[in-house]
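Breakdown of the fold
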Amino acid sequence: MEITYASPSASDLLRSSTAASGSTMPTPRTIKIIPLQHPDTSSYGSPGGFGNNSSSSSLWPNSWISRFRGKIRRMTFIDWIEMFLPCCRWIRTYRWREYFQVDLMAGTTVGIMLVPQAMSYAKLAGLEPIYGLYSGFVPIFIYAIFGSSRQLAIGPVALVSLLVSNVLSGIAESSDALYTELAILLALMVGILECIMGLLRLGWLIRFISHSVISGFTTASAVVIALSQAKYFLGYDIDRSSEIVPIIKSIIAGSDEFSWPPFVMGSTILAIIQTMKFLGKSRKHLRFLRAMGPLTAVVLGTTFVKIYHPSSITLVGDIPQGLPSFSIPKSFQYAKSLISTAVLITGVAILESVGIAKALAAKNGYELDSNQELFGLGVANIFGSFFSAYPTTGSFSRSAVNHESGAKTGLSGIITGSIMCCALLFLTPLFEYIPQCALAAIVISAVITLVDYEEAIFLWRVDKKDFLLWTITTTTTLFLGIEIGVLVGVGVSLAFVIHESANPHIAVLGRLPGTTVYRNIQQYPEAYTYNGIVIVRIDAPIYFANISYIKDRLREYEVVGNKSTKRGPEVERIYFVILELAPVTYIDASAVQALKDLHQEYKSRDIQIAISNPNQEVLLTLSKAGVVEMIGKEWYFVRVHDAVQVCLQHVQTMSPKASDPSHEKPSFFQRIMKQRREDLSVSELESGNSQMRSDSTQDDPQLEPLLSRRS
């Protein structure tokens, strides 16, 4: 509802101006504004009080507790079961005739894909191939029970394997038993960390790492992983490192030991895998070829070795047969040196696994809780460590194949685990003759897709800052190592966040012709401003880190005029600063104190602050701090247009034309036209429908807040 309102100080200004000039001023026209409801701090927290809202800062703990209690009361026994065992959600609604066939097909496809991949990734991690099979066995069953995603395929992945190799190679030799013990201990630490973050709902912390950092990190890691597998193609050993320069130097230094048989076999198998992958992606009826690539590589390589027995091609060797036994991880004295890697692997799990799990959940029409998903991954790693598994997480490629194969529930994961179980029980004697170059080809084929050059092109075209972040992360990871690369990338990413937060976007607003809408004058050049008034919109929360920048910009706007079209009475300087606070969701104590200082500074120069459209939380904070009374309740408005009308009414009294008694009197015709304009209804004028037929309206300061139309 609108009420007729004129600022109490308006009449005072008129009287003082009249007394000073000795002339009779015209009575200011009546303007209409929407009243702003001010908070009653005396009734704050009482029933029915303005501050009795759950968003109020001083009550948020109680509000959160009350909401939590209400949620607990509403939970049924089934809800409790599903919270601790998410698998019950799909078990209760399972449609055997509709789901079982596609789950069986998807689980079998992923299982066939996982067996050779698991052995390949174990070799990448510096472990025996059997530990890759162990890592693809128990964790899958545990995740099917505690995980909330129905399509995510977990197990060993290339990036985590590289991280394991990178940290453990500096502690022990890969042939030592300690190396294997530390890999298993790392799985336990990662699982515990993931569970803690899931239970405490701390997954949001990883949001501070931008997608550009992750893309740059995975791209550089993929290059390092591919080069680390070159030794199986070239036929001689190269230095193990997470930096590209030592690897390239080692490859060049040992070039005289090059052996062509493994190179030819590895290249041929890699070409076959890539061809099958391409056909599986490009033709729907050949989709099965994508998952069959790794198995085909193993079968072809093993068949060739069994027939020709080439001595120059190294084989996997003997693999223990049978299921892993239960054991507690050892070597806890090294836990401190593994913490940083455990945190990094957890971050990869949140960013990659949870990310793809949420995407698959959205595609399949069910909700997924990120923190519960993180807890499920943690439990899978903890139980996996008790059965000789190294850290596992969700796989991009296998999850995509699982989804494309039509998986509906977690039963597909149980089927995949069953295939791994059969492989451990019956097929390990056949794995003895798998060529190492075949496993290397599987790894290289998997990591090629992680080289995200398309993302770099996209970032260059869209946002140069994100492209710079991608470039910095990729370069530092390649040349300085994984840990330093991640730290630099995250550090630069946080620096960008802090810079954006400390230097928020601030816009000078102008009025769009024919409307009462005020927009950024840089975005809308046709918008016009008023002499003596600056309208500023702050597009961010105001707090200690950015208040100095905001004050500097306000002083700049006061001194430096904008280039937009100006209307209204001609005055020498700025008399009013209108702050549009609609985008401001929060203001802290430091900002409140700075606002008080700014008010005193403006007051000493006869400048009045007006506040437009503050939200409830901000207005309550200002009221409790005494800023509302300091500035004056009459200077708080619902709309920018309301503030402009009141401020413009005051500016009129300061116009030289209004106070100069020698100013030429208007003609009879001009007085008639002026009277006619003043008789128009306010609603008609503000709607922009009134027709201003005389160009003389452009020179009349009395009508500037109204909607004049220029010919």
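As a reminder, the structure under discussion sits directly above these lines.
Remember, predicted model here, so these are calculated numbers, not experimental data.

This paragraph deals with helix H25 (residues 616–624). Regarding H25, the residues found buried are Glu617, Val618, Leu619, Leu620, Leu622 and Ser623. The residue sitting at the N-terminus of H25 and contributing the capping side-chain oxygen is Asn615; that oxygen lies 3.1 Å from the backbone nitrogen of Glu617. One or two steps after H25, the chain reaches Gly626, where phi turns positive at roughly 85°.

Next up on the list: the pattern of salt bridges. By the definition in use, this model includes 10 salt bridges. A salt bridge links Glu98 to Arg95, with the nearest nitrogen and oxygen atoms 3.2 Å apart. Residue Glu98 is classed as partly exposed on the basis of its relative accessible area, which comes to 46%. One salt bridge in this structure joins Glu601 and Arg605, with 3.3 Å as the shortest N-O distance.

The next subject is a nonpolar patch on the surface. A surface patch of nonpolar side chains, about 710 Å² in accessible area, is lined by Phe77, Ile78, Trp80, Ile81, Met83, Phe84, Leu85 and Ile145. Within the element layout of this structure, Leu85 appears in the loop between helix H3 (77–84) and helix H4 (87–92). Overall, the relative accessible area of 31% leaves Leu85 in the partly exposed class.

Tallying each qualifying case throughout the model produces 3 cavities of 30 Å³ or more. Here the largest cavity is characterised by a volume of approximately 150 Å³. Along its surface, the largest cavity is lined by 18 residues, and Ile140, Leu152, Ala153, Ile154 and Gly413 are the ones closest to its centre. Computed from the structure, the second largest cavity encloses a volume of approximately 110 Å³. The wall of the second largest cavity is formed by 14 residues, among which Ile538, Ile542, Ile547, Leu579 and Leu595 lie closest to the centre. Sorting the residues of the lining of the second largest cavity by element identifies helix H23 (547–559) and helix H24 (589–604) as the ones contributing at least two each. Its residues assigned to classes, the lining of the second largest cavity comprises 13 nonpolar, no polar and 1 charged.

This paragraph deals with the packing of helix H8 (residues 158–168) against helix H15 (residues 335–363). H15 packs onto H8 with a crossing angle of 170° between their chain directions and a minimal axis gap of 10 Å. Classified by the angle their axes make, H8 and H15 are roughly antiparallel. Along its contact with H8, which presents Leu159, Val160, Leu163, Val164, Val167 and Leu168, the element H15 presents Ser337, Leu338, Thr341, Leu344, Ile345 and Val348. Here the residues of the contact of H8 with H15 sort into 10 nonpolar, 2 polar and no charged.

Here the focus is the environment of Ile550. Structurally, Ile550 can be placed in helix H23. Looking at Ile550, the relative accessible area reads 2%, which means it is buried. Separated by 12 residues in the primary sequence, Ile550 and Ile538 have C-alpha atoms spaced 8.1 Å apart. With residues up to four places along the chain from it excluded, the contact list for Ile550 reads Pro504, Ile506, Ile538 and Ile542.

Calculation criteria
- Residues numbered from 1 in each chain as written.
- Predicted model: local features only at pLDDT ≥ 70, side-chain atom pairs only at ≥ 80, totals over all residues.
- Heavy atoms only, no water.
- Buried < 20%, exposed > 50% of the residue type's maximum accessible area, 1.4 Å probe, protein only.
- Helix = DSSP H or I, 4+ residues; strand = E, 2+ residues; numbered from the N terminus.
- Polar contact = N/O pair within 3.5 Å; in protein donor to acceptor, adjacent residues only side chain to side chain.
- Salt bridge = Lys/Arg side-chain N within 4 Å of Asp/Glu carboxyl O.
- Patch = residues over 30% accessible without salt bridge, like charges linked within 9 Å, V, L, I, M, F, W, Y side chains within 5 Å.
- Areas by Shrake-Rupley, 256 points an atom, 1.4 Å probe, with all protein chains shown as cover.
- 1 Å grid on protein atoms, 1.4 Å probe; cavity = no way out; pocket = protein on both sides within 12 Å on 5 of 7 lines; lining within 4 Å.
- Points joined across faces, edges and corners; volume = space filled by probe spheres on them.
- Nonpolar A, V, L, I, M, F, W, Y, C, P; charged D, E, K, R; others polar.
- Axes fitted to C-alpha atoms, helices over the stretch in contact; angles between N-to-C directions.
- Parallel < 35°, antiparallel > 145°, perpendicular 65-115°, else oblique.
- Contact = heavy atoms within 4.5 Å.

It is worth stressing that arrangement in space is one thing and function is another; only the former is reported here.
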